[in-house]
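Structural overview for review
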Amino acid sequence: MSLHTIINFCPTGMVPTKSDTPHVPISPSEIIEQTHEAYEIGITIAHLHARDSDGVPTYKKSVYQEIFEGVRKHCPDLIICGSTSGRNFPELEKRSEVIELKPDMCSLTLSSLNFMKQASTNAPDIIQGLAAKMKEYGVVPELECFDLGMINYGSYLIKKGLIEGPFYWNLLFGNIAGMQANFSQIGLATSQIPSGDFISLAGLGANQLTVTGMAIAMGYGVRIGLEDNIWFDKKGGKLATNRDLLLRTHELMAIHGKSLYSPKAFGELGFYNRKK
Ligand code: ZN
């Protein structure tokens, strides 16, 4: 069991708006500021989305560039992961723009799925197109799985040589149309990942604290932040800040005797972009 915990910090995402919570960072300067604050508390990876000036998700390289440059300036060794989500813009050309900025990692969702109100379409040619472009630009894929079929598809890409190691998997639990946050589903999902690969677990909404606690206790990494959950308590009475969620994660790590996988130590295992 690992004594180090990876913290994958996801401050923004595509869904929360300022009317949902005033704490979600939307503008590049807010995202940079909150990522910097998180870096000083202790995180390993920052999983970043971009929004336009109206707060709407954008694929635009220019916005990602501003965010990445600011984060790199304040957090020089932090592993930066850009989102290639196709929820609002399915075309490969748009989704893959961020890869050209050569962040260390980019997300790669391994099949299509439904969320509560929206579909995320990830056709095989799009997934393989994103994977090929990541390989070309030296970007490590962040393998995102919401169900067992996605894990299987990731294994297929590995077997075919379409993605290369080191491998890092985000397993996300609690989506209405995906894996649920209980022992049997978490146990089955993690058992499907080859030993030696890195795994972080994420819980969506009220499942975030449950999954974070289980992940830390079991020696896995965690993904936390307002992208997945805007509430601090399970009853939904108190809005969270990214800082609160992160400090609570560090408290859980201290209780379980885990230390943080530093960005540098993790990056040097092969997660830093090799073509920078
Ligand atoms: Zn995301």
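Preceding this section is the structure that the text describes.
All values derive from a computational prediction rather than experimental measurement. (Residues numbered from 1 in each chain as written. Predicted model: local features only at pLDDT ≥ 70, side-chain atom pairs only at ≥ 80, totals over all residues. Heavy atoms only, no water.)

Quick word on the packing of helix H1 (residues 28-41) against helix H8 (residues 242-255)
At a closest axis distance of 10 Å, the pairing of H1 and H8 adopts a crossing angle of 15 degrees. Between H1 and H8, the angle falls in the class roughly parallel. The crossing of H1 and H8 is right-handed. Contacts between H1 and H8 involve Gln34, Glu37, Ala38 and Ile41 from the former and Asn242, Arg243, Leu246, Leu247 and His250 from the latter. For the contact of H1 with H8, a count of residues per class yields four nonpolar, three polar and two charged. (Axes fitted to C-alpha atoms, helices over the stretch in contact; angles between N-to-C directions. Helix = DSSP H or I, 4+ residues; strand = E, 2+ residues; numbered from the N terminus. Parallel < 35°, antiparallel > 145°, perpendicular 65-115°, else oblique. Left-handed = near helix turned anticlockwise from the far one by under 90°. Contact = heavy atoms within 4.5 Å. Nonpolar A, V, L, I, M, F, W, Y, C, P; charged D, E, K, R; others polar.)

Looking at H1
Here H1 spans 20 Å end to end across 14 residues, near enough to the 20 Å set by a 1.5 Å rise per residue. Among the structural elements, strand S2 (7-9), strand S3 (45-48), helix H2 (61-74) and H8 are those in contact with the buried residues of H1. Where H1 ends, the next residue or the one after it, Gly42, has phi of about 130 degrees, a positive value. (Expected span 1.5 Å × (residues − 1).)

Description of the environment of Leu143
Structurally, Leu143 is set in strand S10 (residues 140-145). Leu143 sits in the buried class, given a relative accessible area of 0%. Along the backbone, Leu143 and Cys106 are 37 residues apart, and their C-alpha atoms lie at a distance of 8.8 Å. Not counting residues within four places of it along the chain, the set of residues in contact with Leu143 comprises Leu108, Leu110, Ile163, Phe167, Tyr168, Trp169 and Asn170. (Buried < 20%, exposed > 50% of the residue type's maximum accessible area, 1.4 Å probe, protein only.)

A few points about the pairing of S3
Burial of S3 is two-sided: the residues Ile45 and His47 facing one way and the residues Ala46 and Leu48 facing the other way are all buried. Two elements, S2 and S3, share two bridges in a ladder whose sense is parallel. Residue pairing for S3: Phe9 is matched across the bridge by Ala46. Regarding the hand of the β-α-β motif, the stretch spanning S2, H1 and S3 is right-handed. Bridge analysis of S3 against strand S6 (residues 79-82) gives four bridges, and the strand direction is parallel. (Pairing = 2+ DSSP bridges. Right-handed = clockwise from strand over helix to strand, strands pointing away.)

Examining the nonpolar core
Counting residues in hydrophobic clusters, the biggest one holds 67 residues, and the most contacted among them are Leu108, Leu110, Trp169, Leu171 and Phe173. One finds Ile6, Ile79, Val140 and Tyr168 within the second-largest nonpolar core, a separate group that totals ten residues. (Core = buried A, V, L, I, M, F, W, Y, C linked by side-chain atoms within 4.5 Å.)

Overview of helix H5 (residues 148-159)
Between the first and last C-alpha of H5 there are 17 Å, a value that for twelve residues agrees with the 16 Å anticipated at 1.5 Å per step. Turning to H5, its buried residues number three or more, namely Met150, Ile151, Tyr153, Gly154 and Leu157. On an axial view of H5, the arc spanned by its buried residues comes to 160 degrees, and they lie on one face. Exposed side of H5, more than 90 degrees from the buried face: Asn152 and Lys159 are the residues found there. Buried residues belonging to H5 abut strand S7 (105-109), strand S8 (113-114), helix H4 (124-137), S10, strand S11 (168-173) and helix H6 (183-191). (Arc of directions from axis to C-beta.)

Comments concerning the sheet that holds S10
Pairing in this closed barrel of eight strands is parallel, and the strands run S2-S3-S6-S7-S10-S11-S12-S13 around the ring. On average, each strand axis in the sheet is tilted by 30 degrees relative to the strand beside it, whichever way the strands run. Judged from the two bridges that link them, strand S12 (residues 198-203) and strand S13 (residues 221-224) form a sheet pairing that is parallel. From the neighbouring strand, Leu201 faces S13, where its bridge partner is Val222. Docked against the sheet, helix H7 (residues 207-218) engages S11, S12 and S13, running at close to 160 degrees with respect to S13.

Points about the environment of Gly236
With respect to the element layout, Gly236 can be found in the loop between S13 and H8. Remark: the alpha-carbon pair of Gly236 and Gly205, spanning 31 residues in sequence, is separated by 9.4 Å.

Taken by themselves, the reported measurements are silent on function.
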